[in-house]
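# Residue-level structural notes
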Amino acid sequence: MPAGGSLSVAGAGSIPTPALAETADSPLARLAELIREAGSVVALTGAGISVPSGIPDFRSPGTGLWRHVNPMEVAHIDAFRSDPERFWGFYGERFAMLDGTRPNDAHRALVAMERHEQLDGVITQNVDMLHRKAGTRELVEVHGSIATCSCQSCSASVSLEQARALAADARDGVPRCASCGEPLKPDVVLFGELLPEQALGRARELCEAAQVLLCIGSSLEVHPVAGLPLLTHQAGGTVAIITQGPTPLDEIAAVRLEGDVEDELRALARALSLS
Ligand SMILES: [Zn+2]
């Protein structure tokens, strides 16, 4: 294969691939082999996969928007209930920042794998819709997504665009339910809230059945998602971690890749002959 080829995913543009040299016994070659031999492969993604798309991990204090506030306070369910104006001040900016962001090559590599039946699904902690935009079909968004907002009183639901229009028209910047006037809440899991049981159940099912679980761009520190790789491991599957920096589960990882997430996934797609 010529060096620096490109990976095409229908409707997703072309992915330029750098010329990285891989030897047959490199961790990456080993991972590709494991994936080829596995009956079931699942990916679990976190904030790190969206960083190349220009989305900072907003849970990290001192980075990105609202440098001087603690997101765990302002993006907390109690803050939404007690001070929706302040909450929407924060979330409105977050929506604006996510507006127009696009999937990157790491998202696209997972789509290519799925289309070639080398990936059964993606479980994501991200709410940014980038896996959807890239074209992932089997997607479990365990922290919800910003795609919709809903009324906590009557369950009415509006799209992201409608919520933003309502917020722009409201004097206090708080989008409200057309029926009952209650503040709308983004359908994301806020701090202080439990994960949606259905999504979590599906995530557990996928991880238990996975012969290879790819943990990508997640520090694997936020529970209960951080416990998912243990389900794969306990069921006899292989855990691979593709994340910069240490994670609490490095010990159980059969393969550990620490390079740039886009570079690693481009190289993986190439090793799987998807480019
Ligand atoms: Zn309502």
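The text that follows walks through the structure, step by step, so that each part is easy to find. Note that this is a predicted model, so its numbers are computed, not measured. (Residues numbered from 1 in each chain as written. Predicted model: local features only at pLDDT ≥ 70, side-chain atom pairs only at ≥ 80, totals over all residues.)

Here we take up the sheet that holds strand β6 (residues 144–151). For sheets, the rule is that strands pair by backbone hydrogen bonds, running either parallel or antiparallel. Spatially, β7-β6-β8 is the arrangement adopted by the three strands of the open sheet, whose pairing is antiparallel. On the outer flanks of this sheet lie β7 (157–159) and β8 (184–188), each paired with one strand and no other. Taking the axes of each pair of neighbouring strands and ignoring which way they run, one obtains an average angle of 40 degrees across the sheet. Pairing geometry for β6 and β8, over four bridges, is antiparallel. Residue pairing across strands places G144 opposite V188, the latter belonging to β8. Contacts between helix α7 (residues 160–169) and the sheet are confined to β6, β7 and β8, with β7 contributing the most and set at about 90 degrees to the helix. (Pairing = 2+ DSSP bridges. Helix = DSSP H or I, 4+ residues; strand = E, 2+ residues; numbered from the N terminus. Axes fitted to C-alpha atoms, helices over the stretch in contact; angles between N-to-C directions. Contact = placed C-beta atoms within 7 Å.)

Bringing the packing of helix α5 (residues 105–115) against helix α10 (residues 261–271) into the picture now. The contact between α5 and α10 brings their axes to 8 Å, and the two run at 25 degrees. One way to sum up the angle between α5 and α10 is to call them roughly parallel. Relative to α10, the crossing made by α5 is left-handed. Seen from α5, the contacting residues are D105, A106, A109 and A112; seen from α10, they are V261, E262, L265, R266, L268 and A269. Class assignment for the residues of the contact of α5 with α10 results in seven nonpolar, no polar and three charged. (Parallel < 35°, antiparallel > 145°, perpendicular 65-115°, else oblique. Left-handed = near helix turned anticlockwise from the far one by under 90°. Nonpolar A, V, L, I, M, F, W, Y, C, P; charged D, E, K, R; others polar.)

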